[in-house]
Amino acid sequence: MIDELASLQRLPQFHTALTKGRKSNNPIIFGYQGKAQLEVIYGHLAEVMLSQPATKFIMKTGEPKAAKWASELIGEVEIERVRETVADGKRAGKSFMLDRQIEPLVMGSEIEGLDDLHSFVKLGNYVSRFSFPPMDMKKVSEALEPRIILEKDMWFDPLTPGTPEPAPGRNTPEPERPGMVLALVPPPEARQREQSSVIPAPPRVTLSNDHSQLL
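Residues numbered from 1 in each chain as written. Predicted model: local features only at pLDDT ≥ 70, side-chain atom pairs only at ≥ 80, totals over all residues. Heavy atoms only, no water.

Engineer: Would you mind showing me how to read the layout of surface pockets here?
Structural biologist: Which parts of space are left empty comes out when a probe the size of a water molecule is rolled across the atoms. A volume near 1300 Å³ is recorded for the largest pocket. Lining the largest pocket are 36 residues, with I29, F30, G31, Y32 and F57 sitting closest to its centre. For the lining of the largest pocket, the elements supplying multiple residues, two or more each, are α1 (14-20), β1 (55-59) and α4 (64-74). If one sorts the elements of the lining of the largest pocket by residue count, β1 sits on top with five residues. (1 Å grid on protein atoms, 1.4 Å probe; cavity = no way out; pocket = protein on both sides within 12 Å on 5 of 7 lines; lining within 4 Å. Points joined across faces, edges and corners; volume = space filled by probe spheres on them. Helix = DSSP H or I, 4+ residues; strand = E, 2+ residues; numbered from the N terminus.)

Next up, the structure:
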């Protein structure tokens, strides 16, 4: 069983499984949104693939071309109507004529107007309306299970606005507080070593007028 066949991209052996799997009694059920999806992925093989299922369920579609294709998939019927002609005057009388017309068994507009969980089912040369009963899925678990966290393990209080404070004993860095400036002050020994390591500036040298004396 494969649902949303087009979302699986191209399956190399899917065409072979559809055309040759029935001899090994290997039924396949697959669903898709529209014929155009399979034509893009499988090309001309899509027509062969769509002709393989013996039982077809056709549900509502809002696309006119898809609805028309589904109507053609269900098939056409031949309708015989008796036409009566009445003549007045000298040749007054009635005449009857058999009129045969071929019409779609289900029009595309009927497919577009199907209700939810309603469809047409075609099995061989038989067509009927079909409805799916709503099914409630068995509850296997809760939708949301709240996690129990002790107060001592919570590092913030979600009900108290403001900056979150870490809980005692947690290895959490202390957040910066507004208005607080942190400065690193070296010890006195480091300041003395820094002053002693300063290279003194060279003396200023001036030249006299005769360029022979240095002051």
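Engineer: Got a minute to help me understand the pairing of strand β4 (residues 118-123) in this structure?
Structural biologist: Every other side chain in a regular strand lies on the same face of the sheet, so the side chains alternate between the two faces. Examined bridge by bridge, β1 and β4 share five bridges and lie antiparallel to one another. Bridge pairing links M59 to S119 in β4. In the sheet, β4 pairs with strand β5 (residues 126-131) via six bridges, with the strands oriented antiparallel. Looking at β5, one finds that V121 is bridged to S128. Here β4 hands over to β5 after two residues, with G124 in that stretch at a positive phi of 65 degrees. (Pairing = 2+ DSSP bridges.)

Engineer: So what exactly am I meant to see when it comes to the environment of P104 here?
Structural biologist: Looking at the element boundaries, P104 is found in strand β3 (residues 93-104). Here P104 is in contact with S71, G75 and E76, once residues within four sequence places are set aside. (Contact = heavy atoms within 4.5 Å.)

Engineer: What is the right way to look at α4 in this model?
Structural biologist: Each α-helix turn comprises 3.6 residues. Residues three or four places apart therefore point the same way. Among all positions in α4, only A67, A70, S71 and I74 are buried. End-on view of α4: buried residues confined to an arc of 105 degrees, all on one side of the axis. Opposite its buried face, α4 presents the exposed residues K65, K68 and E72, each directed more than 90 degrees away. As for α4, its buried residues are in contact with β1, β3, α5 (108-112), β4 and β5. The N-cap residue of α4 is E63: its side-chain oxygen and the backbone nitrogen of K65 are 3.0 Å apart. Looking at the residues trailing α4, positive phi occurs at G75, about 120 degrees. (Buried < 20%, exposed > 50% of the residue type's maximum accessible area, 1.4 Å probe, protein only. Arc of directions from axis to C-beta. Polar contact = N/O pair within 3.5 Å; in protein donor to acceptor, adjacent residues only side chain to side chain.)

Engineer: Can you walk me through unusual backbone geometry in this structure?
Structural biologist: Positive phi, normally seen in glycine, also occurs at E4, with a value near 55 degrees. Along the chain, E4 turns up in the segment before α1. Using a relative accessible area of 33% as the deciding quantity, one classes E4 as partly exposed. The residue N25 is not glycine, and still its phi comes out positive at about 55 degrees. Tracing the backbone through its elements, the reader meets N25 in the loop between α1 and α2 (35-42). Among the residues examined, N25 registers a relative accessible area of 70% and is labelled exposed.

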